Amino acid sequence: MTESGQPFKRDISEGAVEKACRYLGALALMVMVLVVSIDIVTRWAFNFSFEVSDEVAAYMLVAITFLGLSVSHANDAFHRVEFIQVHLSRRAQVASRVVFEVLSLLFSLVFLWQFVRLVMSSWRFGDRAPTYLETPLWLPRSLLVIGMAALCFSLCRSLIADVGYLWRQSGRRSHGV
């Protein structure tokens, strides 16, 4: 068990990628609130709707969700099984995190590959949303690629840090520190 009985927290702060995703996600939230608010006011005051607020809000929700993946990972905001983690040594906690990060990276890379294929297919066939905006679907689908690529990058950063921690700890043990 760790000294405090708490899970071991990693010492990685948000990098440039995570900060960019955070700001873009906040911008997407502001756009979503603005578009929906304008539509609410125009429906109430003028009995008129732009008929695009739902579509734009949905695209912004996708942006917020996928851009938030790397930010959540960098800030240790994902769920974990802490009732097991608190009973492990720091080294065992980091080792279990390495296993989780490797598996997460593998699954995320598969998703990234499929999202890239989806965007390329949308581009190639000229897919458009069947709405007033007729949005080329490769645009909102690109958010999936950007968010998943950022998550893969964040997973690699934390994986390198955690493996480095384990490497330093094994060096200390072999030198009797």
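For the structure, see preceding data.
Everything numeric in this text was worked out from a predicted model, so none of it was measured.

## Let's talk about the overall build of the chain
Item 1. On a plain count of helices and strands, the chain comes out with 5 helices and 0 strands.
Item 2. Relative to a compact globule of 177 residues, whose C-alpha radius of gyration would be 16 Å, the chain shows 21 Å and is clearly more extended.
Item 3. Taken along its principal axes, the extent of the C-alpha atoms in the chain is 75 × 40 × 25 Å.
Item 4. Counting over 177 residues, the chain shows a buried share of 37%.

## What about the side chain of His 73?
Item 1. Looking at where His 73 falls in the secondary structure, it is placed in helix 2 (residues 53-74).
Item 2. Judged by relative accessible area, His 73 falls into the buried class, the value being 6%.
Item 3. There is a polar contact of 2.7 Å between the side chain of His 73 and the side chain of Ser 158.

## Looking at a nonpolar patch on the surface
Item 1. On the surface, Val 99, Val 102, Leu 103, Leu 106, Phe 107 and Phe 111 cluster together into a nonpolar patch covering about 580 Å² of accessible area.
Item 2. The residue Val 99 is located in helix 4 (residues 90-125) in this model.

## A short note on the packing of helix 1 (residues 16-46) against helix 2
Item 1. It is at 8 Å that the axes of helix 1 and helix 2 come closest, and there the two elements cross at 155°. Looking at the two axes, helix 1 sits roughly antiparallel to helix 2. Handedness of the crossing formed by helix 1 with helix 2: left-handed. Residues Glu 18, Cys 21, Arg 22, Leu 24, Gly 25, Ala 28, Leu 29, Val 31, Met 32, Val 35, Val 36 and Asp 39 of helix 1 pack against Ser 53, Val 56, Ala 57, Met 60, Leu 61, Ala 63, Ile 64, Leu 67, Ser 70, Val 71 and Ala 74 of helix 2.
Item 2. Looking at side-chain class alone, the contact of helix 1 with helix 2 contains 17 nonpolar, 3 polar and 3 charged residues.

## Focus on helix 4
Item 1. Look at helix 4: 51 Å from first C-alpha to last across 36 residues, which is about the 52 Å you get at 1.5 Å a residue.
Item 2. Along helix 4, the residues that are buried comprise Gln 93, Val 94, Arg 97, Val 98, Glu 101, Ser 104, Leu 105, Ser 108, Leu 112, Phe 115, Val 119 and Ser 122.
Item 3. Positive phi appears at Gly 126, one or two residues downstream of helix 4, with a value of about 65°.

## Quick notes on unusual backbone geometry
Item 1. Phi is positive for Asp 76, which is not a glycine, with a value near 55°.
Item 2. Within the fold, Asp 76 resides in the loop between helix 2 and helix 3 (82-85).
Item 3. For Glu 134, which is not glycine, the phi dihedral falls at a positive 45°.
Item 4. Mapping Glu 134 onto the fold places it in the loop between helix 4 and helix 5 (138-174).

Definitions and cut-offs
- Residues numbered from 1 in each chain as written.
- Predicted model: local features only at pLDDT ≥ 70, side-chain atom pairs only at ≥ 80, totals over all residues.
- Heavy atoms only, no water.
- Helix = DSSP H or I, 4+ residues; strand = E, 2+ residues; numbered from the N terminus.
- Rg over C-alpha atoms; globule rule 2.2 N^0.38 Å.
- Buried < 20%, exposed > 50% of the residue type's maximum accessible area, 1.4 Å probe, protein only.
- Polar contact = N/O pair within 3.5 Å; in protein donor to acceptor, adjacent residues only side chain to side chain.
- Patch = residues over 30% accessible without salt bridge, like charges linked within 9 Å, V, L, I, M, F, W, Y side chains within 5 Å.
- Areas by Shrake-Rupley, 256 points an atom, 1.4 Å probe, with all protein chains shown as cover.
- Salt bridge = Lys/Arg side-chain N within 4 Å of Asp/Glu carboxyl O.
- Axes fitted to C-alpha atoms, helices over the stretch in contact; angles between N-to-C directions.
- Parallel < 35°, antiparallel > 145°, perpendicular 65-115°, else oblique.
- Left-handed = near helix turned anticlockwise from the far one by under 90°.
- Contact = heavy atoms within 4.5 Å.
- Nonpolar A, V, L, I, M, F, W, Y, C, P; charged D, E, K, R; others polar.
- Expected span 1.5 Å × (residues − 1).

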